[in-house]
Amino acid sequence: MKPTKFPASLSLLILILFLSSCIEQQAPTIPALEKSGNVTRLIVDGKPFLVLGGELHNSSSSSREYMKKFWPQLRASGMNTVLAAVEWSLVEPEEGKFDFSMVDGLIQDARSYDLRLILLWFGSWKNGQSHYNPEWMKSDFKRFPRITAENGRSLEILTPLSKENLDADSRAYAALMKHIREFDPDHRTVIMMQVENEVGILGSPRDHGELANTAFNSPVPQELMNYLTSNKDSLLPETVQLWSVSDFKTSGTWEEVFGKSEKCDEIFTSWHYAHYLNEIVKAGKAEYPIPMFVNAWIVQAADKRPGDYPSGGPQAHNLDVWKAGAPDMDLYCPDIYRPEFRELCALYTRNNNQLFIPEARAGELGAGQFFYSVGRHNSIGYSPFGFETRTTEVENDPMTNAYKLASSIAPLILKAQEEGAITAVLLNNEMPVSEEVILGDYKFLVEQGRARRSEQASQEGYCIIISLHKDEFIIYGNSVQVSFSPATEGPAIAGISRVDEGRYENGLWKPGRRLNGDDIMLDYDLAKKALENKTGTGLRFGPGNELIQRVKLYRYE
Ligand code: DGJ
């Protein structure tokens, strides 16, 4: 029988359908960190990902029922990632017997609301304390020893010097990572892990137990000495200062190398926490190697000595020792509730650390801090604490507006971070009322917004600036005004060629009003401006602003 053409095209069609279904069925790649240019990107489903996060209160994730009412509003808040605790005592109620049902519930619920998860392993320590470890551990304090304070009292804090403690925690964490890998292979809902929470000793600069005293009077480990000597030229000033006390001795006991001080106690403590957490990270990554980070309780204004804040934690001044002791840790992250937000971001980008902020404030201040961290320090994300119980209505919440706007331009932000084509300014009453930044060929003077018509002046002003082309920028801001001047050789005056307000929808720019006249005049004192080579024009962003302005500049003289 003569074959017809039909079966051939049909088989081609079947082949295409088969191949495309194979492609569709392929599991997404494992979340990873990838260095690109000056930044480290978080890669999720094969693409750079900006974490628009929110952390739940400590106990919320322990009950699936309790969380039920919060998921819809979390989804509606524009966020894409929930940070949620996994309590060790709940997943290993009996030694070696694991129950991951709370983890499974979290993953299923987050997935059904199209949200990602960053899980916080509340294992040996949470805010320095050992409250989340299982009961079978708590009661067996001989096998699982605690920290002894200077006065000889036992603290409710597991000692990082105990191998029993470390082995128990590593086994549980490895079991958790194995379970996540097996439970969620098709969706990769969990994109990063936080290992422990704000570790360090509250109440004493170092452990004075038997194990600790022996280690303290022994030579500083060779690994740490090697790290310090081979990185001597790039050590943080705080480390150099501490080490200089002994004129940079390369061997000896802790006090011989770093001098007899609370700082020496602290570096000893840092080393042991870093080492402990690194072993946990290694055990976890052996099962499922997604990015893992540690968060820091940072030094507070009233703190006088290590132990007032958790001594030996990953505070900015301890990061050399942490890098030496925890080479497998991916990120060191500050929890920032202090007003020196800008300074703290800068401290956590030293030593090539990639910024991510797992805990901070929400509200108008949070929105500004979010844009600042992302625009000025290439943060891979931001996450206000207690996100499920914010008191403001979800729709009117400044973080919701910020996250919705950020998701509409996330690809632009991520690309600009990689290309160095982004910056940001954060102003409030504790910070300067204006700042000039340079991006491409222009200087941008950002000043606190002046109240106009019925608008109330706000104390928190911020803006994020992205360069699209040589003379074209998108700027989003709140309670600020922005004016321009040239930053490079050429005609001395910068003016506005045109400016539109608008939004990005599905990646496309949708202009609204063309702004001109009163809407671009910031100052009619043109005689003074002329002396300064300025035009008096600029962009104005009111409080509660929801629109981007896309501006093209030009130069003349
Ligand atoms: C920092 C801790 O890491 C969180 O778990 C939580 O306790 C907040 N502080 C509360 O402000």
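Look up: the structure comes first, before these words.
The structure displayed is predicted, hence computed values, not measured ones.

1. Section: the sheet that holds strand 16 (residues 442–448)
Ordered in space as 15-16-19-22, the 4 strands form an open sheet in which the pairing is antiparallel. Either end of the sheet is taken by a strand with one partner, and the two such strands are strand 15 (434–439) and strand 22 (539–541). Strand-to-strand, the axes of this sheet are offset by a mean angle of 25 degrees, without reference to chain direction. Bridge analysis of strand 15 against strand 16 gives 6 bridges, and the strand direction is antiparallel. Within the sheet, the bridge partner assigned to Glu-436 lies in strand 16 and is Leu-445.

2. A short note on unusual backbone geometry
Positioned with a positive phi, Asp-114 is a non-glycine residue whose angle comes to about 55 degrees. Its location among the elements puts Asp-114 in the loop between helix 5 (101–112) and strand 6 (116–126). One non-glycine residue, Asn-378, lies in positive phi territory at about 55 degrees. Looking at the element boundaries, Asn-378 is found in the loop between helix 15 (363–377) and strand 13 (381–384). Classification of Asn-378 by relative accessible area gives buried; the value is 18%.

3. Thoughts on the environment of Gly-512
On the secondary structure map, Gly-512 appears in strand 21 (residues 508–514). Residues Gly-512 and Gly-502, spaced 10 residues apart in sequence, show a C-alpha to C-alpha distance of 4.8 Å. Excluding residues that lie within four positions of it along the chain, Gly-512 makes contacts with Glu-501 and Gly-502.

4. A closer look at the pairing of strand 12 (residues 357–360)
Bridge count for strand 11 (residues 331–336) against strand 12 is 2 bridges, and the pairing is parallel. Bridging across to strand 12, Asp-335 finds its partner in Glu-359. Running through helix 14 (residues 341–347), the crossover from strand 11 to the neighbouring parallel element strand 12 is right-handed. Sheet analysis places strand 12 next to strand 13, joined by 2 bridges and oriented parallel. Residue pairing for strand 13: Ile-357 is matched across the bridge by Tyr-382. Following the chain from strand 12 across helix 15 to the adjacent parallel strand 13, one finds a crossover that is right-handed.

Reading the values: the criteria
- Residues numbered from 1 in each chain as written.
- Predicted model: local features only at pLDDT ≥ 70, side-chain atom pairs only at ≥ 80, totals over all residues.
- Heavy atoms only, no water.
- Pairing = 2+ DSSP bridges.
- Helix = DSSP H or I, 4+ residues; strand = E, 2+ residues; numbered from the N terminus.
- Axes fitted to C-alpha atoms, helices over the stretch in contact; angles between N-to-C directions.
- Buried < 20%, exposed > 50% of the residue type's maximum accessible area, 1.4 Å probe, protein only.
- Contact = heavy atoms within 4.5 Å.
- Right-handed = clockwise from strand over helix to strand, strands pointing away.

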